[in-house]
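Per-entry structural report
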Amino acid sequence: MSFKKTDKGGAQTKLHVVKGDRVKVIAGKDKGLVGEVIAVFPERHKVTVAGVNIVKRHLKDSSAQPQGRSTTKGGIVSSEAPIHSSNVQLVVKNAAGDEVVTRVGYDRVAVTKRRSDGSEYPSTRSVRIARVTGEEI
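Residues numbered from 1 in each chain as written. Predicted model: local features only at pLDDT ≥ 70, side-chain atom pairs only at ≥ 80, totals over all residues. Heavy atoms only, no water.

The next subject is the side chain of aspartate 30. Along the chain, aspartate 30 falls in the loop between strand S3 (22–25) and strand S4 (34–41). Buried charged residue aspartate 30 carries no salt bridge. Nearest counter-charge: lysine 29, at 5.0 Å. Reaching out from aspartate 30, the side chain makes a polar contact with the backbone nitrogen of asparagine 53 at a distance of 2.6 Å. What aspartate 30 contacts, discounting residues up to four positions off in sequence, is Val25, Val52 and Asn53. (Helix = DSSP H or I, 4+ residues; strand = E, 2+ residues; numbered from the N terminus. Buried < 20%, exposed > 50% of the residue type's maximum accessible area, 1.4 Å probe, protein only. Lys, Arg positive; Asp, Glu negative; His and termini not counted. Salt bridge = Lys/Arg side-chain N within 4 Å of Asp/Glu carboxyl O. Polar contact = N/O pair within 3.5 Å; in protein donor to acceptor, adjacent residues only side chain to side chain. Contact = heavy atoms within 4.5 Å.)

Below, the structure written as structure tokens:
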């Protein structure tokens, strides 16, 4: 795993999945489930996937302020907990329209950028590539 060091802190990482990606769980109690990434925590190498790793928390009734009228109802609440990013793999559609899992690659593509004065200049930007299809994600 490669790390990008920041100048004044811990390691800053970049994950192979981003919020909104469709992923398949490849390890753990929910192996085989497919869901959408709803949150990414790159500093902890974790992602939260919709419908995966459901945990139950017991919450008690509470109020925002002692004399306040707004209270939160207690009880047993189910929600998704984060899982390690190495336990998920990106899902893309191939040419036949089937969903297949893939590794993620990166490629540089040429783009034209515009300066504030209106002049244009050639540059490149990094794009994610699905290794199994070779297409941009």
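A few words now on the sheet that holds strand S5 (residues 46–49). On the basis of which strands lie adjacent, the open sheet formed by six strands has the order S10-S5-S4-S3-S11-S12 and antiparallel pairing. Strands at the two margins of the open sheet, each flanked by one partner only, are strand S10 (83–84) and strand S12 (99–102). In this structure, strand S11 (residues 88–93) lies alongside S12, joined through four bridges in antiparallel fashion. If you follow valine 92 over to S12, its bridge partner there is valine 100. (Pairing = 2+ DSSP bridges.)

Another point: the nonpolar core. Among the nonpolar cores identified, the biggest contains 10 residues, and these are Leu15, Val17, Val23, Val25, Val37, Val47, Val49, Val52, Ile83 and Val88. Listing elements by their share of this core, those giving two or more residues are S3 and S5. For valine 49, the residues in contact, after removing those within four places along its chain, are Val23, Gly35, Glu36, Val37, Ile38, Glu80, Ile83 and Val88. (Core = buried A, V, L, I, M, F, W, Y, C linked by side-chain atoms within 4.5 Å.)

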